[in-house]
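Fold and contact review
The primary structure of each chain is shown beneath.
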Amino acid sequence: MNSVPLDPGKVKIGDLTPEVRYKITNEQIKEYAELSFDHNPLHVDEDFANKSFFKGIIAHGTIPLAYIYESIFKYFRVSWIDDLIMNIKLIAPVRPNDTVACYGMVKSFDTESIVIELSGVNQRKELFIVGEAIISRRTLETGN
Amino acid sequence: MAGYKGIAYADMNVGETVGHYGTTVSKKDIETYFMNAGSTFHQNINGERLFVPPPMAYALTLRAIFHSNIPVDGPILVGHELKCINKVFEGDGIDVDVIIKDKWIKKDRKYIIFDFIVKNTKKDVCFVDSMRVIWPE
């Protein structure tokens, strides 16, 4: 870790985690299909996808999750958090050439944990992902 | 490209282990993931062996489900709950078990929750991913 981790005592309700913004590309979706073995035709077969409910190729739902994590890790200035729990609900598809922006907001905390509400929006400001991260204060305080 | 002939919804039984995937996670695997994500948080790692970042765990659990020939054409991912318990480092062997945690039908949609238990070769649980999907058919 290049910088000093955030002191969990300094976390405040309403704190925003840094926004992480990326453009999703068709090439990235194809590479992710290779990486994950997930060649679901909704992701890689334009004819199939065009005839589907989605009317076109959609990205693997797990691709933009990287940016949700990146936002949280940037906030805490760590690269790993033991006992992290991330609960994510995908509410709209992400398509090739969408630019996604992911961020979080500290919703609550107590002596045991910190809860961060998570969101991701596309370039049309449409919400495509919501969720919650639960972070154990113990692991932050022990320097993980 | 369509043509997956996996497990029919009716044949999925709650509590059943329906798949397994074992691999050794290479440095190249992790670097390929970082390149694909375009993500920068690998730049924060100093002098430590590379380890699987939490979002890469999803790619490993997807590998398990496809390696085990579970999907049919067109399942829709609804959500995930991922618990990060222990790091998986480059060079570590892992085993992923796929278990049917729950299933139900609501408004004609066939929901399934798959649990993926990722363990290292010391049998430590590293990640537990509960994946919620809608099964086509």
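Residues numbered from 1 in each chain as written. Chains lettered and ligands numbered in written order. Predicted model: local features only at pLDDT ≥ 70, side-chain atom pairs only at ≥ 80, totals over all residues.

What about the nonpolar core?
I68, I72 and I81 of chain A together with A57, V96 and V118 of chain B are the most contacted members of the largest nonpolar core, which has 71 residues in total. There are two domains that each give this core at least three residues, and those are domain 1 (1-24 + 66-144) and domain 2 (25-63) of chain A. Not counting residues up to four positions away in its chain, the partners in contact with I72 of chain A are T17, G104, I116 and A133 of chain A. (Core = buried A, V, L, I, M, F, W, Y, C linked by C-beta atoms within 7 Å. Buried ≥ 20, exposed ≤ 12 C-beta atoms within 10 Å, placed from the backbone. Domains from an automatic or database assignment. Contact = placed C-beta atoms within 7 Å.)

A few points about the environment of N50 of chain A
Looking at the secondary structure, you find N50 of chain A in helix α3 (residues 46-51). What N50 of chain A contacts, discounting residues up to four positions off in sequence, is K55 and G56 of chain A. (Helix = DSSP H or I, 4+ residues; strand = E, 2+ residues; numbered from the N terminus.)

Overview of helix α1 (residues 27-37) of chain B
Of all the positions in α1 of chain B, only I30, Y33, N36 and A37 of chain B are classed as buried. Axial view of α1 of chain B: buried residues confined to an arc of 125°, hence all on one face. Of the exposed residues in α1 of chain B, those oriented more than 90 degrees away from the buried face are K27 and K28 of chain B. The inward-facing, buried residues of α1 of chain B contact α1 (26-36) and α4 (65-76) of chain A together with α2 (54-67) of chain B. (Arc of directions from axis to C-beta.)

Concerning the domain arrangement of chain A
Many descriptions give the size of an interface as the accessible area lost when the pieces come together. Residue and element names in this part refer to chain A. Partitioning chain A into domains gives domain 1 (1-24 + 66-144) and domain 2 (25-63). On a C-alpha basis, the centroid separation for the pair domain 1 and domain 2 is 25 Å. Its residues assigned to classes, the side of domain 1 that touches domain 2 comprises 6 nonpolar, no polar and 2 charged. (Nonpolar A, V, L, I, M, F, W, Y, C, P; charged D, E, K, R; others polar.)

Structural notes on the confidence of the model for chain B
Per-residue pLDDT for chain B averages 90, and the proportion of residues at 70 or more is 92%. Predicted as a complex, the structure gets a pTM of 0.91 and an ipTM equal to 0.90. (pLDDT = per-residue confidence, 0-100.)

Details of the packing of α1 of chain A against α1 of chain B
Viewed as axis vectors pointing N to C, α1 of chain A and α1 of chain B meet at an angle of 155°, and their least axial separation amounts to 10 Å. The pairing of α1 of chain A with α1 of chain B is recorded here as roughly antiparallel in orientation. As for the relative orientation of α1 of chain A and α1 of chain B, their crossing is left-handed in sense. For the pair α1 of chain A and α1 of chain B, the contacting residues are Q28, E31, Y32 and L35 of chain A in the first and T32, Y33 and N36 of chain B in the second. Within the contact of α1 of chain A with α1 of chain B, the residues separate by chemical class into 3 nonpolar, 3 polar and 1 charged. (Axes fitted to C-alpha atoms, helices over the stretch in contact; angles between N-to-C directions. Parallel < 35°, antiparallel > 145°, perpendicular 65-115°, else oblique. Left-handed = near helix turned anticlockwise from the far one by under 90°.)

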